[in-house]
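One-letter residues, chain by chain:
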Amino acid sequence: MTKVFSGIRPSGKLHLGNYLGAIKNWIELQNKADQAIFAVVDLHGITTPYDPKNYKEQVMDVVLDYLAAGVDPKKSLLIRQSKVPQHTELGWIFNTITPVSWLDRLPNYREKVSQVEQSGEENSKSYQNNLSILAYPVLMAADILLYKSNLVPVGDDQKQHIDLTNEIGARFNHVFGEVFPNVKAHIVQGARIMSLQDPSKKMSKTGDEGIALSDEPDVIRAKFKKATTDSGKEIKFDEKEKSGISNLLTIYSLLSGKDIKKIEADYGGKGYVEFKNDLAEVVVEFLKPFQDKRRELEKDPKHVIQILERSEEEARKLAQKTLDEVKQLMGLL
Ligand code: AMP
Ligand code: TRP
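Residues numbered from 1 in each chain as written. Chains lettered and ligands numbered in written order. Predicted model: local features only at pLDDT ≥ 70, side-chain atom pairs only at ≥ 80, totals over all residues. Heavy atoms only, no water.

- Naming follows an unreviewed UniProt entry, where the protein appears as Tryptophan--tRNA ligase.
- Its UniProt record gives the protein a comment under Sequence similarities (unreviewed entry), which states: "Belongs to the class-I aminoacyl-tRNA synthetase family."
- UniProt's Subunit (unreviewed entry) comment on the protein is quoted here verbatim: "Homodimer." (UniProt positions renumbered as here; feature names shortened; annotations may be inferred.)

Right, here's the structure in full:
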């Protein structure tokens, strides 16, 4: 049985990196899996500075992005993490079997602490090195194991969190009895999309460098015009010497389905400007059906809420089953 789970924090509109690195795989997997659950992990989103006034809207933005990108409510459950309280309950239980030394060595933790410290945001002080940043991957393990999921499509930056999920699951099984399966990360190679301004960094939700899936065509064109390249002329894949052009070639290839070699040949003797303009059109075309569908969904918020509520009810049932098993073994039931 293949049981898929994945989630994204609602920290901004989804961008091309999220799509190519994560959601594209979800859409493929939901057709093959016996169970597929996709979550907007709003309880993870509040571990770093955020704006409570806009948060509900931000969560809905990601829900709309999921549906428009092809998450199919007939095949998958689409949930808001905080609407299924069993996530936090299992998270707490996992806290009781997770040594701090498994958490504070994780590079993602160290990175987050320094990001929060440097962010300079008004409320960042209250977040400095909070317990929740450390416990973040414990809640993530609970997200996954609550549904006995065994396949998790994520970007390669999440690999260590999946390893930790397996360590926690194995420890539970060892101490209390066999409940949790082994989990595999489903990572697609070559799907790391870099920032258009600084190709040494990942495209991300913060800053203006990301191409949001819902960006208007003219915004997309302007962003590609400004994309960093190099002082050379050749359109050639070379991640070391030509990281900007290589990133653009990757995006071009993944969205058009053309081989990178073929694109290089097509642009032999042509300049960066022409290449970037054409790429902008490839992206605009690719995103059009997504954006049309998103606009349709925006017109019918009741329908979207209905999808969420149905999914969440079903998820609570599945979750409670696992949680009862866990509590029974722990002497809590
Ligand atoms: P985040 O936006 O950091 O919450 O990440 C959500 C999901 O998208 C995770 O599975 C990430 O690994 C993936 N992801 C985020 N940014 C990128 C990127 N630039 N390229 C590829 N995958 C990404
Ligand atoms: N930590 C993940 C990220 O930053 C988000 C996440 C939370 C997640 N819970 C999850 C991903 C469970 C996969 C499965 O992208």
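**Section: the UniProt feature "binding site: ATP" (unreviewed entry) in the protein**
- Here, UniProt's "binding site: ATP" (unreviewed entry) annotation points to Arg 9, Pro 10, Ser 11, Gly 17, Asn 18, Gly 155, Asp 156, Asp 157 and Ile 193.
- Position of Asn 18 among the secondary structure elements: in helix 1 (residues 16–32).
- Using a relative accessible area of 13% as the deciding quantity, one classes Asn 18 as buried.
- For Ile 193, the location among the structural elements is in the loop between strand 5 (184–186) and helix 9 (217–225).
- Relative accessible area serves as the criterion here: at 4%, Ile 193 is assigned to the buried category.
- The contact partners of Ile 193, leaving out residues within four places of it in the chain, are Leu 16, Gly 17, Leu 20, Lys 202, Met 203, Asn 247, Thr 250, Ile 251 and Leu 254. (Helix = DSSP H or I, 4+ residues; strand = E, 2+ residues; numbered from the N terminus. Buried < 20%, exposed > 50% of the residue type's maximum accessible area, 1.4 Å probe, protein only. Contact = heavy atoms within 4.5 Å.)

**A look at the packing of aromatic side chains**
- With the rule as written, the count across this model stands at 11 aromatic pairs.
- Over the ring of Tyr 267 we find Lys 270; its NZ or CZ atom is 5.4 Å from the centre of that ring. (Phe/Tyr/Trp six-rings, centres within 6.5 Å; stacked < 30°, edge-to-face > 60°. Lys NZ or Arg CZ within 6 Å of the ring centre and 35° of its normal.)

**Digging into the site of ligand 2**
- In the vicinity of ligand 2 there are 13 residues, among which Gly 7, Tyr 136, Met 140, Asp 143 and Gln 158 approach most closely.
- Within the side chain of Arg 9, a nitrogen or oxygen atom sits 3.5 Å from an oxygen atom of ligand 2.
- Measuring from a nitrogen atom of ligand 2, one finds a side-chain N or O atom of Tyr 136 at 2.8 Å.
- When ligand 2 is considered free in solution it has 370 Å² of accessible area, and contact with the protein chains removes 92% of it.
- Elements represented by at least two residues in the shell around ligand 2 include exactly strand 1 (3–8) and helix 7 (131–145).
- Broken down by element, the shell around ligand 2 gets its largest block of residues, four residues, from helix 7. (Near = heavy atom within 4 Å. Polar contact = N/O pair within 3.5 Å; in protein donor to acceptor, adjacent residues only side chain to side chain. Areas by Shrake-Rupley, 256 points an atom, 1.4 Å probe, with all protein chains shown as cover.)

**Concerning the domain arrangement of the protein**
- Taken domain by domain, the protein consists of domain 1 (3–191 + 301–330) and domain 2 (215–295).
- Taking the mean C-alpha position of each, domain 1 and domain 2 sit 31 Å from one another.
- For the pair domain 1 and domain 2, the summed buried area comes to about 910 Å², and 69% of that belongs to carbon and sulfur atoms.
- If you sort the residues of domain 1 by the area they bury against domain 2, Leu 16, Leu 20 and Ala 68 come out on top, with a joint share of 51%.
- For the pair domain 1 and domain 2, the number of links is two salt bridges.
- Where domain 1 touches domain 2, the interface holds three residue pairs in polar contact (both at pLDDT 80 or more).
- The biggest single contributor to the side of domain 1 that touches domain 2 is helix 3 (residues 52–69), with six residues. (Domains from an automatic or database assignment. Buried area = accessible area lost by both parts, 1.4 Å probe. Salt bridge = Lys/Arg side-chain N within 4 Å of Asp/Glu carboxyl O.)

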